[in-house]
Amino acid sequence: MSTTRLNDRLTGGQPLVLGLFRIVLGLLFTSEGAATVFGVLDRDASPAGDWPFWYAGVIELVCGALVLLGVTTRGAAFLSSGIMAFAYFTEHQKDGLFPLQNGGLSPVLFCWGFLLLVFFGPGSLSLSGLFSRGGTTPATVGATSDQASPAGR
């Protein structure tokens with residue numbers, strides 16, 4: 001298979017893979033928020049109103065669900081990316097420069113993953129894409145204002 005054909009096939013799969021990435025990232029973020037707010041998944045709940053942890057948990061829960069479903073993806077991802085940057089610099093950075101030293105690997109990965117969604121949109125399999133097309137899913141990225149065009153265009 002030629003490099004051009006391989007690139008074309010991989011590029012054609014971008015919307016689906018981006019949509020799956022969004023779903024997994026949203027599910028993981030929602031579970032972080034649920035663990036913080038409700039004390040599930042072997043974690044103690046943060047007391048209601050406890051700054052900043054309980055508020056961060058609520059944002060993780062709500063924004064994670066929005067990203068998971070693909071509703072207002074860019075706005076929810078922007079807020080999620082920002083709160084993870086805040087968490088890293090206020091809670092982790094003081095314990096060392098690198099995320100492996102200071103326990104901040106999850107916030108860094110969440111921050112950059114959500115920033116990717118801010119710029120590339122939700123991909124396929126999103127509710128916003130489903131409703132804006134009258135019941136069909138988008139074949140390519142870039143079809144709606146909540147999605148960006150594929151890289152290279």
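Residues numbered from 1 in each chain as written. Predicted model: local features only at pLDDT ≥ 70, side-chain atom pairs only at ≥ 80, totals over all residues. Heavy atoms only, no water.

**As for the overall build of the protein**
Phase 1 of the analysis: Check the secondary structure of the protein and you find seven helices and zero strands.
Phase 2 of the analysis: The contacts in the protein between residues at least 6 apart in sequence include a share of 60% that link residues at least 24 apart.
Phase 3 of the analysis: Summing over all exposed atoms, the protein offers an accessible surface of approximately 8800 Å²; the carbon and sulfur share of this is 69%. (Helix = DSSP H or I, 4+ residues; strand = E, 2+ residues; numbered from the N terminus. Contact = heavy atoms within 4.5 Å. Areas by Shrake-Rupley, 256 points an atom, 1.4 Å probe, with all protein chains shown as cover.)

**Notes on the packing of aromatic side chains**
Phase 1 of the analysis: In the structure shown here, the tally under the stated rule is six aromatic pairs.
Phase 2 of the analysis: For the ring pair F110 and F114, a centre distance of 6.0 Å and an interplane angle of 15° mean the geometry is stacked. Note that F110 and F114 are positioned in helix α6 (residues 105–120) at a spacing of four residues, about one turn of the helix.
Phase 3 of the analysis: We classify F110 as buried; its relative accessible area is 10%. (Phe/Tyr/Trp six-rings, centres within 6.5 Å; stacked < 30°, edge-to-face > 60°. Buried < 20%, exposed > 50% of the residue type's maximum accessible area, 1.4 Å probe, protein only.)

**Considerations on unusual backbone geometry**
Phase 1 of the analysis: Omega for the peptide link from W51 to P52 comes to -5°, which places this bond in the cis form.
Phase 2 of the analysis: Relative to the elements of secondary structure, P52 occurs in the loop between α2 (14–38) and α3 (53–69).
Phase 3 of the analysis: Unlike most non-glycine residues, D42 shows phi in positive territory, near 60°.
Phase 4 of the analysis: Relative to the assigned elements, D42 resides in the loop between α2 and α3.
Phase 5 of the analysis: Take D42: its relative accessible area is 88%, and that puts it in the exposed class.
Phase 6 of the analysis: Located in the positive-phi region is T72, a residue other than glycine, with phi close to 45°.
Phase 7 of the analysis: Positionally, T72 belongs in the loop between α3 and α4 (73–92).

**Some thoughts on the packing of α2 against α6**
Phase 1 of the analysis: Across the interface, α2 lies against α6 with an axial gap of 11 Å and an inter-helix angle of 135°. Judged by the inter-axis angle, α2 sits oblique to α6. Viewed along their axes, α2 and α6 form a crossing whose handedness is left-handed. Contacts between α2 and α6 pair L18, F21, R22, L25, L28, F29 and E32 from the former with F110, G113, F114, L116, L117 and F120 from the latter.
Phase 2 of the analysis: Here the contact of α2 with α6 is composed, by residue class, of 10 nonpolar, one polar and two charged. (Axes fitted to C-alpha atoms, helices over the stretch in contact; angles between N-to-C directions. Parallel < 35°, antiparallel > 145°, perpendicular 65-115°, else oblique. Left-handed = near helix turned anticlockwise from the far one by under 90°. Nonpolar A, V, L, I, M, F, W, Y, C, P; charged D, E, K, R; others polar.)

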